[in-house]
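# Residue-level structure breakdown
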Amino acid sequence: MKYPRLIINETKFKNNVKVAIDICKKNNIDVLAVTKGFCGNRRMAELYSECGIKYFGDSRLENFDVYSDIEGHKQLLRIPSIFEIQDVVKKCDSSLNGDLNVIQKISKYCLNQNLKPHKIVLMVDLGDRREGVLPEETLYTVDQIINLKGVELIGLGCNFGCYGARIPSDEAMQIFVDLKHKIEQKYNIKLSHMSGGNSLSLHLVWENRMPKEINFLRMGFAMIFGTEDMYRKTIKGMFRDAFRCQAEVIEVDYKSSLPVGKCGIDAFGHKPYFEDIGDIKRIIVGIGKLDTMFDAMIPIDKDLKILGGSTDHLIINANDSKHNYKVGDIINFDLDWGSLLYLFNSKYVEKIFEK
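The protein has the name Alanine/ornithine racemase family PLP-dependent enzyme in an unreviewed UniProt entry, where Metamycoplasma faucium is given as its organism. Here the protein is described in UniProt, under the heading Cofactor (unreviewed entry), as follows: "pyridoxal 5'-phosphate".

In this section: the packing of helix 6 (residues 135–146) against helix 7 (residues 170–187). Their axes nearest at 11 Å, the elements helix 6 and helix 7 cross at an angle of 35°. Note that helix 6 runs across helix 7; the crossing there is right-handed. The residues of helix 7 that touch helix 6, namely those facing Pro 135, Thr 138, Leu 139, Val 142, Asp 143 and Ile 146, are Ile 175, Leu 179, Lys 182, Ile 183 and Tyr 187. Of the residues in the contact of helix 6 with helix 7, the class split is eight nonpolar, one polar and two charged.

Our focus in this paragraph is the state of the cysteines. Scanning the model with the defined rule gives zero disulfides in all. Left unpaired, Cys 92 is separated from the closest cysteine sulfur, that of Cys 110, by 12 Å.

A few words on the packing of helix 1 (residues 10–25) against helix 2 (residues 42–50). With their axes 9 Å apart at the nearest point, helix 1 and helix 2 run at an angle of 50° to one another. Relative to helix 2, helix 1 is oriented oblique. In the packing of helix 1 onto helix 2, the handedness of the crossing is right-handed. The residues of helix 2 that touch helix 1, namely those facing Glu 10, Phe 13, Lys 14 and Val 17, are Arg 43, Met 44, Leu 47, Tyr 48 and Glu 50. Broken down by class, the residue content of the contact of helix 1 with helix 2 amounts to five nonpolar, no polar and four charged.

Where charged atoms from two side chains of opposite charge approach closely, those side chains can pair. The full count for this structure, using the stated rule, is 21 salt bridges. Among the ionic pairs, Arg 42 bridges to Asp 69, the shortest N-O distance being 2.8 Å. With Arg 42 in helix 2 and Asp 69 in the loop between helix 3 (61–66) and strand 4 (73–76), this residue pair connects regions lying 27 residues apart in the sequence. Judged by relative accessible area, Asp 69 falls into the exposed class, the value being 57%. With its nearest N and O atoms 3.1 Å apart, the salt bridge here joins Asp 303 to Lys 322. With Asp 303 in the loop between strand 12 (297–299) and strand 13 (305–309) and Lys 322 in the loop between strand 14 (314–317) and strand 15 (330–335), this residue pair connects regions lying 19 residues apart in the sequence. Here the salt bridges share partners, and the residues they tie into one network are Glu 10, Lys 14, Arg 42, Arg 43, Glu 46, Glu 50, Asp 69 and Lys 355.

Right, let's talk about the nonpolar core for a bit. Nonpolar side chains in soluble globular proteins tend to be buried together. Among the nonpolar cores identified, the biggest contains 93 residues, and Phe 13 and Phe 243 are the most heavily contacted of them. Each residue touching Phe 243, except ones within four places of it in the same chain, is listed here: Ile 7, Ile 8, Phe 13, Phe 38, Met 44, Ile 224, Leu 335, Leu 340 and Phe 344. By size, the runner-up hydrophobic cluster in this structure holds seven residues, among which are Leu 32, Leu 96, Val 121 and Ile 154.

In this section: the UniProt feature "domain: Alanine racemase N-terminal" (unreviewed entry) in the protein. The residues that UniProt annotates with the feature "domain: Alanine racemase N-terminal" (unreviewed entry) are residues 8–225. Along residues 8–225 the backbone is 42% helical and 18% strand, and the end-to-end C-alpha distance reaches 11 Å.

What counts as what
- Residues numbered from 1 in each chain as written.
- Predicted model: local features only at pLDDT ≥ 70, side-chain atom pairs only at ≥ 80, totals over all residues.
- Heavy atoms only, no water.
- UniProt positions renumbered as here; feature names shortened; annotations may be inferred.
- Axes fitted to C-alpha atoms, helices over the stretch in contact; angles between N-to-C directions.
- Helix = DSSP H or I, 4+ residues; strand = E, 2+ residues; numbered from the N terminus.
- Left-handed = near helix turned anticlockwise from the far one by under 90°.
- Contact = heavy atoms within 4.5 Å.
- Nonpolar A, V, L, I, M, F, W, Y, C, P; charged D, E, K, R; others polar.
- Disulfide = S-S within 2.5 Å.
- Parallel < 35°, antiparallel > 145°, perpendicular 65-115°, else oblique.
- Salt bridge = Lys/Arg side-chain N within 4 Å of Asp/Glu carboxyl O.
- Buried < 20%, exposed > 50% of the residue type's maximum accessible area, 1.4 Å probe, protein only.
- Core = buried A, V, L, I, M, F, W, Y, C linked by side-chain atoms within 4.5 Å.

Here it is as structure tokens:
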């Protein structure tokens, strides 16, 4: 067997997806499944499709190539660069955009190539301060977009949590839907795609606070981890452990907790801090920062404490563990977003799908 490995339980993941679909369906909301966390893994897109997902979103155009033959609407979630416009139009049915200059260039390309208008979801910044136009700039921006022949404005989008860690509020969502009504009234058009955020917005749905105008949520985190972003508690009917990591113990020894000698900087340019707690049982596990994010790795053995590591090694304090770990033993980890993303992206990590 090869380690480290990422274990994906298909049954638990598909259950989570179906639960999310059911929660949203009761409120007339479609789930746009985010695939970017899987870094172009085709089987994950297939699992979404098997659950009935018809809308897919990713932030990397290359990932769409992997499942281009899977039926469904494909949406680019990251504002495209100028050099990506040709591929965006070719590979995606729609894209999230927040910069008028980019939208103008998309329109120009479509016109020059005699292509049908590309569908645009205009992002509105409701406080998280990542992408999007400010609410007070939205009508002006829409006014410019409406006059472009190579694009079609199909809706508005918003985002929370990813940069500024802002939580969606009733006030912010009301501003959002008010903009929809103003645009529709002024231009006599119908905005059919109102994307009310990501997994962080899911609590508004089951608390019956999501405005009826919202008909899409871009979701990945909640379905992957079975938890809602705001409370980080397991969602009723979902599994928290659909994904886990396994890594092999490659060294066990007793050493001082405090390194010896004058402290400089580590391999990543940081000056580390160590607490002197005497000699400890140190386990070295065969996985490193090249493969995962240590801060988002949670040993299932709660008595293990991650100390840190380097490019290729994860170092653990096993002093308090009831298990007598030896070389060759396998340690299991629960995951969070950062570790999952890195693990899927690492070619050195085996991906194992189990039923």
